[in-house]
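# Architecture at a glance
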Amino acid sequence: MAYLLALDQGTTSSRAIVFDESGAAVATAQKEFRQIYPRAGWVEHDALEIWSSQVSVAAEALAEARQARGQVAAIGITNQRETVVVWDRATGEPVMNAIVWQDRRTAGFCDQLKRDGAEGVIRAKTGLVIDPYFSGTKIRWILDNVEGARARAERGELAFGTVDSWLIWNLTGGRVHATDASNASRTLLFNIHTGEWDDELLALLGVPRALLPAVKPSSGVFAEVSHPMLQVDVPVAGVAGDQQAALFGQACFEPGLAKNTYGTGCFLLQQTGGEARESKNRLLTTVAWHDGTKLQYALEGSVFIGGAVVQWLRDGLGLIRSSGEVEALAASVADAGGAFLVPAFAGLGAPHWDPYARGALVGLTRGVTAAHVARAALDSIAYQVADLLEAMRADSGIELGELRVDGGASVNGLLLQTQADLLQKPVVRAAQAETTALGAAYLAGLAVGVFKSEAEIAAKWGVGARFEPKMSADEAAARRRQWTRAVERAAAWEEEA
């Protein structure tokens, strides 16, 4: 029996999962790390803490999976995307905290790029919109605001990476500075049509080429890793951003298949095959993965605050003691009592792309209780995903038969029933909930021959639960109209920088 080690480096925690050849998880370890908020709208992580937490959970998972000792065939890495680390090539020390994908500090620079007319070329080459969400403007901010960083970068003394690159660098003792095409496609610096870093984009954002990692296929050997926890040398052979890894783990190998991941944010991706399909509805065109022979593409819609709204109920408002309590509290009322929560704490993502939107709780009466607010919070996740799917249907012209779902919040049956009601489509939860880590493991296993084909992997996918719509189409439409009114009230709340 061969085993695969998946390193799943997320926004709030680092996890490691050991999978066997059947796709079953035989051991799991997880560790949360600090969220750093230097000022309103800024979000940072300690990159050294990311590394230490990731390597410690890998060791823990391997220790638990005793049967896998010495039999790990490959390592797969999946990671929070767009988060930026810049470090010294000689010492491996970050020049500052990592700037997280949720961070909005570059909104002013993004506005300037738009005023300068850069949106057309960026959209055409990257498939992305100009927004602080993506890595490129974060890199620019570090170079302009950390003393001496730009000069050091131009001399080739510094390295940039999304979190996958940071992990690979540390796993190999600084021997390998690389990323995969899916992560590269989220930087505003990568031409998704040529599959290469783009000099025009680098000049536009003021990022020296010397900073950048090599771009490799998502399924392919990056490097051999030697570490006491592994017992033998093991190749890193699969790398993908977390949402693309989930798409792969959900076996969405055919154009038109789609999945939504309910994590800190929500991410809806639809596979479009070898065609980079341009969005007319402010979705993203992104690289799904590089399978070792060619690029595969997807349409993507991103919700910045998904499951994180439940954390806010817990940590910010104190309405619940643990995230798992939210379903029972929300289910104690029939509906949200006319209340709508728009969780635009970090602006709004697709299809709105409004960095100046802020959270709003509207429709309040004296009858609204903590339970109604909890229900409105869960509803907000489903409303945002419904907005994405409507835009995706318009772009692709494909009427989905079902939506495959995964992620931490997908264990919430009330949320998934609400989702099915609003979409008027079946929602299918995968039998294996850990599809993000599983996708990374599958990419790695495919590269080293544990799996012979995507068809073999697809045969392993199974249904865990299925939610059929119960609400009438008229009621669903009426609720969505009310939601749209609530979003309008949250829009453009902050003044432009």
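Numbering of residues starts from 1 in each chain and follows the order in which that chain's sequence is written. At least 70 in pLDDT is required for a residue's local features to be given in this predicted model, at least 80 for side-chain atom pairs to be given and counted, and no such filter applies to totals for whole chains, interfaces and linings, which use all residues. Hydrogens and waters are ignored; side-chain quantities use all the structure's heavy atoms.

The next thing to look at is the overall build of the protein. The secondary structure content of the protein amounts to 16 helices and 23 strands. It is over C-alpha atoms that the radius of gyration is taken, and the globule rule equals 2.2 Å times the number of residues to the power 0.38. Scaling as 2.2 N^0.38, a compact globule of 497 residues should have a C-alpha radius of gyration of about 23 Å, and the protein matches this with 21 Å. Its C-alpha atoms give the protein principal-axis dimensions of about 60 × 55 × 45 Å. Each residue is assigned to one of three classes by its accessible area relative to the maximum for its type, calculated with a 1.4 Å probe on protein chains only: buried under 20%, partly exposed between the two thresholds, exposed over 50%. Within the span of the protein, comprising 497 residues, buried residues form 61% of the whole. It only takes one pair of heavy atoms within 4.5 Å for two residues to be counted as in contact. For the protein, long-range pairs separated by at least 24 residues make up 72% of all intrachain contacts whose partners lie at least 6 apart in sequence. Working note: accessible area of the protein is about 17,600 Å², and carbon and sulfur atoms make up 49% of it. Only runs of H or I of at least four residues qualify as helices and only runs of E of at least two qualify as strands under DSSP, and these elements are numbered from the N terminus. We get accessible surface area from the Shrake-Rupley algorithm with a probe of 1.4 Å; when it comes to residues, only the shown protein chains can shield them.

This paragraph deals with the pattern of salt bridges. When a carboxyl oxygen of Asp or Glu is within 4 Å of a side-chain nitrogen of Lys or Arg, the pair counts as a salt bridge. According to the stated counting rule, one finds 34 salt bridges in the structure shown. For arginine 393, the salt bridge goes to glutamate 399, with nearest N and O atoms at 3.3 Å. Three or more residues joined by partner-sharing salt bridges are found here, namely Arg81, Glu82, Arg186, Asp242 and Glu300.

Moving on, we come to the sheet that holds strand E15 (residues 258-262). Pairing between strands is defined by DSSP: at least two bridges between the two strands are required. Strand order across the open sheet formed by seven strands is E17-E18-E16-E15-E21-E22-E23, with mixed pairing between neighbours. The open sheet terminates on both sides in strands that have one partner only, identified here as strand E17 (284-290) and strand E23 (463-467). Direction aside, neighbouring strands of the sheet carry axes that sit 30° apart on average. Judged from the three bridges that link them, strand E21 (residues 403-406) and strand E22 (residues 427-430) form a sheet pairing that is parallel. Angles run from 0 to 180 degrees between N-to-C directions of axes, and those axes are lines fitted to C-alpha atoms, restricted for helices to the stretch in contact.

Bringing the sheet that holds strand E14 (residues 234-241) into the picture now. Here six strands make up an open sheet; going across it, the order is E3-E2-E1-E5-E14-E13 and the pairing mixed. Two strands bound the open sheet, and with one partner strand each, they are strand E3 (25-32) and strand E13 (219-225). Each adjacent strand pair in this sheet contributes to an overall mean axis angle of 25°, direction not counted. As defined by bridge partners, E13 adjoins E14 across four bridges and the pair is classed as antiparallel. Across the sheet, alanine 223 pairs through a bridge with valine 236, a residue of E14.

With that settled, consider the pairing of E17. Counting buried positions over the seven residues of E17 gives seven, a clear majority of the element. Here six bridges tie E17 to strand E18 (residues 295-303), and the two strands are oriented antiparallel to one another. Counterpart to histidine 290 in the pairing with E18 is leucine 295. Between E17 and E18, which pair antiparallel one after the other, the connecting turn spans four residues, and glycine 292 there sits at a positive phi close to 105°.

Only buried Ala, Val, Leu, Ile, Met, Phe, Trp, Tyr and Cys residues count toward a nonpolar core, and they belong to the same one when joined by side-chain atoms within 4.5 Å. Counting 133 residues, the largest nonpolar core has Ile142 and Leu211 as its most contacted members. Examining the composition of this core, we find that 14 residues originate from one element, helix H12 (residues 370-396), more than from any other. What leucine 211 contacts, discounting residues up to four positions off in sequence, is Val86, Arg89, Ile139, Leu143, Ala153, Leu158, Ala159, Phe160 and His177. Within the second largest apolar cluster, 39 residues are counted, among which are Trp51, Val57, Ala98 and Val236.

Our next topic: the pairing of E14. A large share of E14 lies buried, amounting to eight of its eight residues. Pairing geometry for strand E5 (residues 72-79) and E14, over five bridges, is parallel. By the bridge assignment, threonine 78 is partnered in E14 with alanine 240.

Cysteine sulfur pairs qualify as disulfides if the two atoms are within 2.5 Å. By the definition in use, this model includes zero disulfides. Cysteine 252 carries a free sulfur, and the closest cysteine sulfur to it, the one in cysteine 266, is 16 Å from it. Looking at cysteine 266, the relative accessible area reads 0%, which means it is buried.

Let's shift gears to the packing of aromatic side chains. For Phe, Tyr and Trp, rings pair up if their centres lie within 6.5 Å, where Trp contributes its six-membered ring, and each pair is then called stacked (planes under 30 degrees apart), edge-to-face (over 60) or tilted (otherwise). What the rule picks out here adds up to 18 aromatic pairs. Ring geometry for tyrosine 133 and phenylalanine 134: centres 4.7 Å apart, planes at 45°, overall tilted. Across this residue pair, the class does not change: tyrosine 133 and phenylalanine 134 are buried. Here, a charge over a ring means that NZ of Lys or CZ of Arg falls within 6 Å of the ring centre while also lying within 35 degrees of the ring normal. In this arrangement the basic side chain of arginine 105 is found over the ring face of tryptophan 141, its NZ or CZ atom lying 4.5 Å from the centre.

Residue proline 351 is bonded to the preceding alanine 350 through a cis peptide linkage, with omega at -5°. Residues other than glycine seldom take positive phi values, yet glutamine 424 does so here, at roughly 60°. Relative to the helices and strands, glutamine 424 is located in the loop between helix H13 (413-423) and E22. The backbone of alanine 492 sits at a positive phi, close to 50°, despite the residue not being glycine.

Attention now moves to helix H14 (residues 435-448). Over its 14 residues, H14 runs 20 Å from end to end, which matches the ideal 20 Å to within 8%, given 1.5 Å per residue. Across the 14 residues that make up H14, a large majority, eleven, are buried. With its phi angle positive at about 90°, glycine 449 sits one or two positions after the end of H14. To estimate how far a helix should reach, multiply one less than its number of residues by 1.5 Å.

The next subject is the packing of helix H10 (residues 308-316) against H12. Where H10 contacts H12, the axes come no closer than 9 Å and their chain directions differ by 160°. Viewed along their axes, H10 and H12 adopt a mutual orientation that is roughly antiparallel. In terms of crossing hand, the pair formed by H10 and H12 is right-handed. Residues Val309, Val310 and Leu313 of H10 form the contact with H12, whose participating residues are Val373, Ala374, Ala377, Leu378, Ser380 and Ile381. For the contact of H10 with H12, a count of residues per class yields eight nonpolar, one polar and no charged. Our angle categories are set so that under 35 degrees counts as roughly parallel, over 145 as roughly antiparallel, 65 to 115 as roughly perpendicular, and the remainder as oblique. Helix crossings get a hand from a simple test, with the near helix turned counterclockwise from the far one by less than a right angle marking a left-handed crossing and a clockwise turn marking a right-handed one. In this classification, Asp, Glu, Lys and Arg are treated as charged, Ala, Val, Leu, Ile, Met, Phe, Trp, Tyr, Cys and Pro as nonpolar, and every other residue, Gly included, as polar.

Secondary-structure assignment places glycine 363 in the loop between strand E20 (360-362) and H12. According to the relative accessible area criterion, glycine 363 is partly exposed, its value standing at 40%. Distance in space between the C-alpha atoms of glycine 363 and phenylalanine 222 is 53 Å, their sequence separation being 141 residues. Discounting residues that sit within four places of it in the chain, glycine 363 has contacts with Gly337, Gly338, Ala339 and Val368.

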